[in-house]
Amino acid sequence: MSAASKDTALRTGVIARALIYAILLVFAVFYLLPLFVMLVNSVKPLEEIRQGNMLAFPELFTIEPWIQAWGEAQIGVQPTGLKPYFINSLVMVIPAVIISTLLGAINGYVLTKWQFPGHRIVFGLMLFSCFIPFQIVLIPMARILGMLDLAGTTYGLILVHVVYGLGFTTLFFRNYYDAFPTELIRAATIDGAGFFRIFQRILLPSSGPIIVVTVIWQFTNVWNDFLFGASFADFDSQPMTVALNNLVSSSTGVKEYNVHFAGAILAALPTLIVYIVSGRYFVRGLMAGAVKG
Amino acid sequence: MIERLQTYLPRLVLSPSFVLILLFVYGFIAFTGYLSVSDSRMLPSLGFVGLENYEKLFSLRHWSIALKNLAIFGILYIVICTVIGLGLAILLDMKIRGEGMLRPIYLYPMALSFIVTGTAWKWFLDPGIGLENVMHLWGWESFSFNWIKSREMAIYTVVIAAVWQSSGFVMAMFLAGLRGIDNEILKAAQIDGASNWQLYRRIVIPMLRPAFLSAFVVLAHLAIKAYDLVIALTNGGPGRATELPATFMYSYSFTRNQMGIGASSAVIMLMMIASIIIPYLYSELREKKT
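None of these values were measured; they are calculated from a predicted model.

1. Brief notes about the overall build of chain A
For step 1, the next point in the chain: Along chain A, the regular secondary structure elements total 15 helices and 0 strands.
For step 2, the next point in the chain: Relative to the compact-globule value of 19 Å for 293 residues, chain A shows a C-alpha radius of gyration of 24 Å, a clear excess of over 25%.
For step 3, the next point in the chain: Considered along the principal axes of its C-alpha atoms, chain A spans approximately 75 × 70 × 30 Å.
For step 4, the next point in the chain: Taking contacts inside chain A between residues at least 6 apart in sequence as the whole, the part at least 24 apart equals 69%.
For step 5, the next point in the chain: Accessible surface for chain A amounts to roughly 12,500 Å². Of this, 68% is attributable to carbon and sulfur atoms.
For step 6, the next point in the chain: Of note, chain A has its 17 positive side-chain charges centred 17 Å away from the centre of its 14 negative side-chain charges.

This is the structure we're talking about:
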């Protein structure tokens, strides 16, 4: 109904419509261009990039750059490729996402269904923590991680990502549970169900969508983080983003653009796949993170 | 006893998270705040020096370059993202065939790491192998695009890459706003003889006020925090031409052994963000109350 009435609201001529499509397509090209550049140049021999046209399809197709980027390229001291760093990222991301999502769910539950005096201030403080520039915590964080003997470890990075993800995960679940009928909770309490039982039996089963949104949001943020990885990780805990930056910016030897592009796609792949598979939820998370209330 | 436990249990469950936030966010802010008035250099030190670090900070040429760059970058980034985002949203909202194809294309950069974006644009904008070279090969011999190598223009390449990454997201925010507008209002205005242009200028755009506000807040805080993209794209160079407050803070705190000054720059960054975020959150949370 509303879609049909939209038609009547806007009258556009044939020329105007052609122009609209042209503009939309030009922007589609603009957004796809860097991805195209990365893809076609990641399967060219280095000579062809140097001599040839970056926007041309490869004359000589090779997957050598991908093999190099994954397993052989020199990053740091060892010619290990990006593989170990990819694994570092996975080992860091998975626990960080699970823990912060669980805590966010239970926090959201308390802040909406078991409100106590001052719950608004607690939530406000957690919410503001989403937006702080992380530079303000870098110096003390480095000290604390050192004191806890977690400096340079994956555990340290997990802790950091859980703490600075809590604000967002709590926000997501709070807003979701806020719309959940409180009468149901009240009825369950009268029937003698306790705090955890209600959460487990009534709220969790209907939390599917918001869990997906939160997991995607956290996964994307933690995987894409660079600042914490660059500040607090050692060789054996460095995440993918840091390794990619080291690969691309290392000034020794020839610049192997094709290997850099293959590496960049490898670093982008997990979040890109998540986006392609569940774009709808990804967008919903972005919006929930932006538009409060 | 169980009754009492039931009343305190929720608070007990929330408390680990709350304590973590209090300590790791607000405690750390206080600690960095103190460092900014201390004589810390290579390591944190507790000797009180008053506002000396702030005086030094604002007399540093590096810092004024960083602030100037932030102003250029921030304003262009916010304005261009808003214009492109709003424009694309309005066009996409005109019953476009293939909208389902176009929207994900506009939005996918948001899923990428800034390091990936920086790498892609760094080589694409490189005059030797990238766009300039392509144009030369296509026969446009006089084409020149070496912004990324130029002290004056490099900051604008950061704008290009950042706009590429975020404008699709702004589009999605405006599109959601547009879809929320009641068509009856538009129809009524049209019956009154309003043209398409008037319709947008007088009715639609004013009704998108909340989307404008959200877009501004998100973009402004991303601009102030911008770090990864500059590191990957230009590494602050050429020279220090693309230094931003975030890169300044990092280099002064951890590589130049001027931790007190680094801490004071972090405090300034926090104050910039707080002045945008706190009024916004305050009004959002208040609205919910009523």
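2. Regarding empty space enclosed by the protein
For step 1, the next point in the chain: Scanning all chains against the criterion turns up 3 cavities of 30 Å³ or more.
For step 2, the next point in the chain: As for the largest cavity, its lining consists of 41 residues, and the residues nearest its centre are Phe134 and Asn221 of chain A together with Phe114, Leu222 and Lys225 of chain B.
For step 3, the next point in the chain: When contributions to the lining of the largest cavity are tallied by element, the ones reaching two or more residues are helix H8 (154-178), helix H11 (208-224), helix H12 (227-232) and helix H15 (279-290) of chain A together with helix H3 (61-92), helix H7 (154-179), helix H10 (209-225) and helix H11 (228-233) of chain B.
For step 4, the next point in the chain: In terms of residue class, the lining of the largest cavity is made up of 27 nonpolar, 11 polar and 3 charged.

3. Some details on the packing of aromatic side chains
For step 1, the next point in the chain: A complete count under the given rule lists 40 aromatic pairs over all chains for this structure.
For step 2, the next point in the chain: Relative to Phe254 of chain B, the ring of Tyr250 of chain B has its centre 5.0 Å away and its plane inclined at 55°; by these criteria the two rings are tilted. Residue Tyr250 of chain B and its partner Phe254 of chain B are both found in helix H12 (residues 245-255); the two are separated by 4 residues, about one turn of the helix.
For step 3, the next point in the chain: Residue class for Tyr250 of chain B comes out buried when judged on its relative accessible area of 17%.
For step 4, the next point in the chain: A network of ring pairs unites the aromatic residues Phe27, Phe30 and Tyr31 of chain A together with Tyr106, Tyr108, Trp121, Phe124 and Trp164 of chain B as a single cluster.
For step 5, the next point in the chain: In this arrangement the basic side chain of Arg174 of chain A is found over the ring face of Phe123 of chain A, its NZ or CZ atom lying 4.1 Å from the centre.
For step 6, the next point in the chain: The ring centre of Phe134 of chain A lies 5.0 Å from the NZ or CZ of Lys225 of chain B, which sits over that ring.

4. Looking at the environment of Leu102 of chain B
For step 1, the next point in the chain: Along the chain, Leu102 of chain B turns up in helix H4 (residues 99-107).
For step 2, the next point in the chain: Considered as a pair, Leu102 of chain B and Asn257 of chain B are 155 residues apart in the sequence and their alpha carbons are 49 Å apart.
For step 3, the next point in the chain: Setting aside residues up to four positions removed in sequence, Leu102 of chain B forms contacts with Leu24 and Ala28 of chain A together with Leu92 and Ile96 of chain B.

5. Some points on the layout of surface pockets
For step 1, the next point in the chain: Space inside the largest pocket adds up to approximately 400 Å³.
For step 2, the next point in the chain: Gly279, Arg280 and Val283 of chain A together with Arg103 and Leu107 of chain B are, among the 18 residues lining the largest pocket, the residues nearest its centre.
For step 3, the next point in the chain: Looking at side-chain class alone, the lining of the largest pocket contains 11 nonpolar, 3 polar and 4 charged residues.

6. Examining the interface of chain B and chain A
For step 1, the next point in the chain: If you look at the interface, chain B gives 100 residues, while chain A gives 98 residues.
For step 2, the next point in the chain: The junction of chain B with chain A conceals about 9,300 Å² of combined surface from both sides, 76% of it contributed by carbon and sulfur atoms.
For step 3, the next point in the chain: Taken as a group, Leu14, Tyr108 and Trp123 of chain B account for 7% of the area that chain B buries against chain A, more than any other trio of residues on that side.
For step 4, the next point in the chain: For the pair chain B and chain A, the interface holds 0 salt bridges.
For step 5, the next point in the chain: There are 21 residue pairs in polar contact (both at pLDDT 80 or more) connecting chain B and chain A.

7. Thoughts on the pattern of salt bridges
Residue and element names in this part refer to chain B.
For step 1, the next point in the chain: For the structure on display, the rule yields 8 salt bridges over all chains.
For step 2, the next point in the chain: Across the pair Arg103 and Glu99 runs a salt bridge whose closest N-O atoms are separated by 3.4 Å. Remark: Glu99 and Arg103 occur in helix H4; sequence separation between them is 4 residues, near one turn of the helix.
For step 3, the next point in the chain: Overall, Glu99 belongs to the buried group, its relative accessible area being 14%.
For step 4, the next point in the chain: Notably, a salt bridge pairs Arg179 with Glu99, separated by 3.1 Å at the nearest N-O pair. Placement of the pair is Arg179 in helix H7 and Glu99 in helix H4, with a sequence separation of 80 residues.

So, how was this worked out
- Residues numbered from 1 in each chain as written.
- Chains lettered and ligands numbered in written order.
- Predicted model: local features only at pLDDT ≥ 70, side-chain atom pairs only at ≥ 80, totals over all residues.
- Heavy atoms only, no water.
- Helix = DSSP H or I, 4+ residues; strand = E, 2+ residues; numbered from the N terminus.
- Rg over C-alpha atoms; globule rule 2.2 N^0.38 Å.
- Contact = heavy atoms within 4.5 Å.
- Areas by Shrake-Rupley, 256 points an atom, 1.4 Å probe, with all protein chains shown as cover.
- Lys, Arg positive; Asp, Glu negative; His and termini not counted.
- Charge placed at Lys NZ, Arg CZ, Asp CG, Glu CD.
- 1 Å grid on protein atoms, 1.4 Å probe; cavity = no way out; pocket = protein on both sides within 12 Å on 5 of 7 lines; lining within 4 Å.
- Points joined across faces, edges and corners; volume = space filled by probe spheres on them.
- Nonpolar A, V, L, I, M, F, W, Y, C, P; charged D, E, K, R; others polar.
- Phe/Tyr/Trp six-rings, centres within 6.5 Å; stacked < 30°, edge-to-face > 60°.
- Buried < 20%, exposed > 50% of the residue type's maximum accessible area, 1.4 Å probe, protein only.
- Lys NZ or Arg CZ within 6 Å of the ring centre and 35° of its normal.
- Buried area = accessible area lost by both parts, 1.4 Å probe.
- Salt bridge = Lys/Arg side-chain N within 4 Å of Asp/Glu carboxyl O.
- Polar contact = N/O pair within 3.5 Å; in protein donor to acceptor, adjacent residues only side chain to side chain.

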